[in-house]
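# Structural overview for review
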Amino acid sequence: GAGVSQSPRYKVAKRGQDVALRCDPISGHVSLFWYQQALGQGPEFLTYFQNEAQLDKSGLPSDRFFAERPEGSVSTLKIQRTQQEDSAVYLCASSFNFRQGNQPQHFGDGTRLSIL
Amino acid sequence: EDKVVQSPLSLVVHEGDTVTLNCSYEVTNFRSLLWYKQEKKAPTFLFMLTSSGIEKKSGRLSSILDKKEPFSILNITATQTGDSAVYLCAVQNSGGSNYKLTFGKGTLLTVNP
């Protein structure tokens, strides 16, 4: 597609529920990133994929957070047993292949997650 | 740990004014600095800077990097209401986690008619 596409745009869930957030990167982009943005803050790194391989998940806040990209294209960020502190905007970004030189990351519109 | 500090945190100007946004950073083994514009949705890429002293320009926006200080500035001339947004600065290092962007908190720019 023309840009990074994320769905849903908004998600409201009750504390304790599981949620799944989807990211469809720019076609042909090898590198994919997830960030979490709290209100009034800059985005913070969560995890990174190169094709289907998850090479860094050091930014995931807890073991309730899980991300996958099984076919090296679409990625899903799953949060189990949601807590109120999980409320944030979750941004997905992609770049052609960061290993091939300096390239900007292009962001989707994000999913605004609210936990009640 | 890499660190980015942006100033001011917020700024209100009138249409036609010129603004300068600041970004200072600490990074081990600098690779690049990026500027993004964020309205109510996706951060939109503006500039990537890798070398000191070379100005990048796009219309009324320009940016320059000083790796010695180290900092970067983003200039917007003849501001318009459509420039109202949060401007984010981010850095990448060239170490083991060189794919990761470390962001500042952003500068909220409001341009009044």
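Quick summary incoming for the structure in this document. The structure displayed is predicted, hence computed values, not measured ones.

All right, on to the packing of aromatic side chains then. Centre-to-centre distance and the angle between the planes together describe a pair of aromatic rings. Inspection of the entire model under this criterion finds 12 aromatic pairs over all chains. An aromatic cluster is built from A:Phe33, A:Tyr35, A:Phe45, A:Tyr48, A:Phe107, B:Tyr36, B:Phe45, B:Tyr99 and B:Phe103, whose rings are joined through pairwise contacts.

To continue, consider the pairing of strand 5 (residues 43–49) of chain B. Along a regular strand, successive side chains alternate from one face of the sheet to the other. Residue and element names in this part refer to chain B. Pairing between strand 4 (residues 30–38) and strand 5: six bridges, direction antiparallel. Looking at strand 5, one finds that Leu 33 is bridged to Leu 49. Connecting the antiparallel pair strand 4 and strand 5 is a turn made up of four residues.

Further remarks concern the interface of chain B and chain A. Tallying the contact residues gives 21 residues for chain B and 23 residues for chain A. Roughly 1700 Å² of surface becomes buried between chain B and chain A when both sides are summed, with 56% attributable to carbon and sulfur atoms. Applying the counting rule to chain B against chain A returns six residue pairs in polar contact (both at pLDDT 80 or more). For the side of chain B that touches chain A, the secondary-structure elements that each account for two or more residues are strand 4, strand 5 and strand 9 (85–93) of chain B. No other element matches the five residues that strand 4 of chain B contributes to the side of chain B that touches chain A. Residue composition of the side of chain B that touches chain A, by class: 10 nonpolar, six polar and five charged.

Once that is clear, we can look at the sheet that holds strand 1 (residues 5–7) of chain A. Residue and element names in this part refer to chain A. If you walk across this open sheet you meet the four strands as 1-3-8-7, and the pairing is antiparallel. In this open sheet, the two edge strands, each paired with only one partner strand, are strand 1 and strand 7 (65–68). This sheet shows a mean twist of 15° between the axes of neighbouring strands, independent of strand direction. Sheet topology note: the strand 7/strand 8 (residues 75–79) ladder contains four bridges and is antiparallel. Looking across to strand 8, one finds that Phe 66 is bridged to Lys 78.

Now for the sheet that holds strand 6 (residues 56–58) of chain B. Residue and element names in this part refer to chain B. Strand order in this open sheet of five strands is 1-3-8-7-6, and the pairing throughout is antiparallel. Each end of this open sheet is capped by a strand with a single partner; those strands are strand 1 (3–7) and strand 6. Each strand of the sheet is rotated relative to its neighbour by a mean of 15°, with strand direction disregarded. Relative to strand 8 (residues 71–76), strand 7 (residues 61–66) runs antiparallel, the two sharing six bridges. The residue of strand 8 that forms the bridge with Leu 61 is Ile 76.

All names here are of chain B. Only one face of strand 3 (residues 19–26) is buried: it carries Val 19, Leu 21, Cys 23 and Tyr 25, and the other face, with Thr 20, Asn 22, Ser 24 and Glu 26, is open. In this structure, strand 1 lies alongside strand 3, joined through five bridges in antiparallel fashion. By the bridge assignment, Ser 7 is partnered in strand 3 with Asn 22. As paired strands, strand 3 and strand 8 are joined by six bridges and run antiparallel to one another.

This part takes up the state of the cysteines. Going through the model one piece at a time under the given rule, you end up with two disulfides over all chains. What pairs with A:Cys23 in a disulfide is A:Cys92, and their sulfur atoms sit 1.9 Å apart. As the torsion about the S-S bond is roughly -65°, the A:Cys23-A:Cys92 disulfide counts as left-handed. Of this pair, A:Cys23 sits in strand 3 (residues 19–24) while A:Cys92 is found in strand 9 (residues 88–95), placing the two residues 69 residues apart along the sequence. Exposure class is identical for A:Cys23 and A:Cys92. Each is buried. The disulfide partner of B:Cys23 is B:Cys89, and the gap between their sulfur atoms is 2.0 Å. On the sign convention where negative means left-handed, the S-S torsion of about -70° between B:Cys23 and B:Cys89 marks this disulfide as left-handed.

Reading the values: rules and limits
Residues numbered from 1 in each chain as written. Chains lettered and ligands numbered in written order. Predicted model: local features only at pLDDT ≥ 70, side-chain atom pairs only at ≥ 80, totals over all residues. Heavy atoms only, no water. Phe/Tyr/Trp six-rings, centres within 6.5 Å; stacked < 30°, edge-to-face > 60°. Pairing = 2+ DSSP bridges. Helix = DSSP H or I, 4+ residues; strand = E, 2+ residues; numbered from the N terminus. Contact = heavy atoms within 4.5 Å. Buried area = accessible area lost by both parts, 1.4 Å probe. Polar contact = N/O pair within 3.5 Å; in protein donor to acceptor, adjacent residues only side chain to side chain. Nonpolar A, V, L, I, M, F, W, Y, C, P; charged D, E, K, R; others polar. Axes fitted to C-alpha atoms, helices over the stretch in contact; angles between N-to-C directions. Buried < 20%, exposed > 50% of the residue type's maximum accessible area, 1.4 Å probe, protein only. Disulfide = S-S within 2.5 Å.

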